[in-house]
Amino acid sequence: MDRIRISGGRRLAGEVTIRGAKNAALPLMVAALLTEEPLILTNMPHLADIDTLAALLESHGVVVAPAASEPDSAGAATEPDERALSFTVPEITNTTAEYDLVRKMRASVLVLGPLVAREGRARVSLPGGCAIGSRPVDIHLDGLARLGAEIELRDGYIEASAPNGLTGGTVPLAFPSVGATENLLMAASLADGQSVIQNAAREPEVSDLARCLVSMGADIEGIGTSELTITGQPRLKGARHAVVADRIEAGTYAIAAAITGGDIELVGAVAEHLEAPLQLLEQVGATVSQTDRGFRISADQRAHAVDIATSTYPGFPTDLQAQAMALMTVAEGASVISETIFENRFMHVPELIRMGADITVRGGTAMVRGVERLRGAPVMATDLRASSSLVLAGLVADGETMISRVYHIDRGYERIEEKLAALGADIERVGT
Ligand code: UD1
């Protein structure tokens, strides 16, 4: 199993290219199930989670193939584009999503809505618990039931059926769940009649999916708001869509600039999608400026501690909480960090404490007292975002940090050690 070794203390400077968002790419790939025509996705990130979902989709009859970049004006295809993939589903060959594929990635539950919408039935393994909390799917199931699906839970599987197709309906979400909003958007796009999703999630990845569905022929009003109105269509068509930039990858490199007193331009990143995190970075004392290609973060002083509470978009994202905590461990003063989205999302805390951080956790709140220096130590990655916080801490720790179980980080960060090395970090991947 690979590990990442970091020798801390280098200031990071230069530019880094931000790729398409994992959390946008996954639902977009699933949207291919809604049509028999090819869906071409460009600006795809190269990540383990993409491969995992591609394998699940192949089990349903999706043909995944490399795609060419934009056709030229004469209509001829140009060079193959290493970040473009086409997803084509001439017919759904299987409506069961098996446990072995679903358990690897919770986002697999997104196939439920499209499968039942197109085929009238779906059988999807319950995703089960995961490292950052119990993460139920009750909101997904309640919403599909309101669109006319009959839902049963049997032998660890969700069985959904709608032999005569789904029908439009009003779906008030008990919580603006990202996954449930995406599942229901896709299902409602093929339902008979109009649906209204109330209290919908507003994350940029949800809007990216909605825009792609519109390119596929869906009729969706209210994109980017908490009320989405979808007029179902009898069929959808193929489309070409560029995946929105990864705001979490961008936010992580922005924090890398702040924590190392560095200066990094994030090429391709979208500052509007990071309002709360960039506001936090300004409060800690960093400078944020727009550039032609994205934005730039520079820091020339030790960060000041600032309190953080995660919330739904446009609030501070839970997916950047661990990274922001790494910054607060070396800030001047004390910071209270409240995690309101997921229980049990403080698994990075014991590892940061091993590196000399001063953190006390009570329930969903962590009190972080900034220390002058962290010390390198052997630490273990426990989940995707927790592992990037350990990388950030390693960048400023005295001496060597060795992070094991880095497969967690490969799920969501493309070549993180190469990108950080190019910015000046002393970091390498080592095999065991
Ligand atoms: C998505 C992101 C994840 C991010 C999260 C919150 C993907 C692939 N993953 O996850 O990186 O951290 O949004 O921004 O896009 N809940 C229920 N019942 C449900 C669904 C959710 O109780 O049916 C709860 C969850 O347990 C959690 C909260 O709602 O406490 C938020 O979950 P949700 O927004 O659904 O997150 P995901 O879509 O799983």
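For the structure, check the block above.
Let me sum up the structure you'll find in this document. Fair warning: this is a prediction, and the values are worked out from it, not measured in the lab.

Right, let's get into the environment of Ala 271. Note that Ala 271 resides in the loop between β15 (263-267) and α9 (275-284). Expressed as a C-alpha distance, the spacing of Ala 271 and Leu 57, which sit 214 residues apart in the sequence, is 32 Å. Those residues in contact with Ala 271 that lie beyond four places of it in its chain are Leu 278, Gln 290 and Phe 295.

What follows concerns helix α6 (residues 178-189). Helix length check: α6, at twelve residues, gives a terminal C-alpha distance of 17 Å against a target of 16 Å (1.5 Å per residue), a fit within 8%. Taken across its twelve residues, α6 has eleven buried, putting it largely inside the fold. Residue Ser 177 occupies the N-cap position of α6, its side-chain oxygen lying 3.5 Å from the main-chain nitrogen of Gly 179.

Most of β15 is tucked away: five of the five residues are buried. Residue alternation in β15 divides its side chains into two sets, Asp 263, Glu 265 and Val 267 and Ile 264 and Leu 266, and both sets are buried. Alignment of strand β2 (residues 13-17) against β15, held across five bridges, turns out to be parallel. Looking across to β15, one finds that Thr 17 is bridged to Val 267.

Let's shift gears to the site of the ligand. Close contacts around the ligand come from 18 residues, with Asp 138, Ile 139, Ser 177, Asp 319 and Ile 341 the closest. Within the side chain of Asn 23, one N or O atom sits 3.0 Å away from an oxygen atom of the ligand. Across the complex, the protein chains shield 85% of the 730 Å² of accessible surface that the ligand would expose by itself. If you list the elements that add at least two residues to the shell around the ligand, you get α5 (138-146) and α6. Sort the elements by how many residues they give to the shell around the ligand and α5 lands first, with three residues. A breakdown of the residues in the shell around the ligand according to their chemical character gives eight nonpolar, five polar and five charged.

All right, on to unusual backbone geometry then. Cis rather than trans, the peptide bond between Tyr 313 and Pro 314 has omega equal to 10°. By the secondary structure assignment, Pro 314 is in the loop between β18 (308-309) and α10 (321-329). The backbone of Asn 344 shows a phi angle near 65°, a positive value even though the residue is not glycine. Relative to the helices and strands, Asn 344 is located in the loop between β19 (334-338) and α11 (348-354). With relative accessibility at 46%, the residue Asn 344 sits in the partly exposed group. Backbone geometry at Arg 415 places phi at a positive 45°, although glycine is not the residue there. Tracing the backbone shows Arg 415 in the loop between α13 (407-410) and α14 (416-422). We classify Arg 415 as partly exposed; its relative accessible area is 38%.

Thresholds, definitions, all that
- Residues numbered from 1 in each chain as written.
- Predicted model: local features only at pLDDT ≥ 70, side-chain atom pairs only at ≥ 80, totals over all residues.
- Heavy atoms only, no water.
- Helix = DSSP H or I, 4+ residues; strand = E, 2+ residues; numbered from the N terminus.
- Contact = heavy atoms within 4.5 Å.
- Expected span 1.5 Å × (residues − 1).
- Buried < 20%, exposed > 50% of the residue type's maximum accessible area, 1.4 Å probe, protein only.
- Polar contact = N/O pair within 3.5 Å; in protein donor to acceptor, adjacent residues only side chain to side chain.
- Pairing = 2+ DSSP bridges.
- Near = heavy atom within 4 Å.
- Areas by Shrake-Rupley, 256 points an atom, 1.4 Å probe, with all protein chains shown as cover.
- Nonpolar A, V, L, I, M, F, W, Y, C, P; charged D, E, K, R; others polar.

All quantities given are derived from atomic positions and should not be read as evidence of function.
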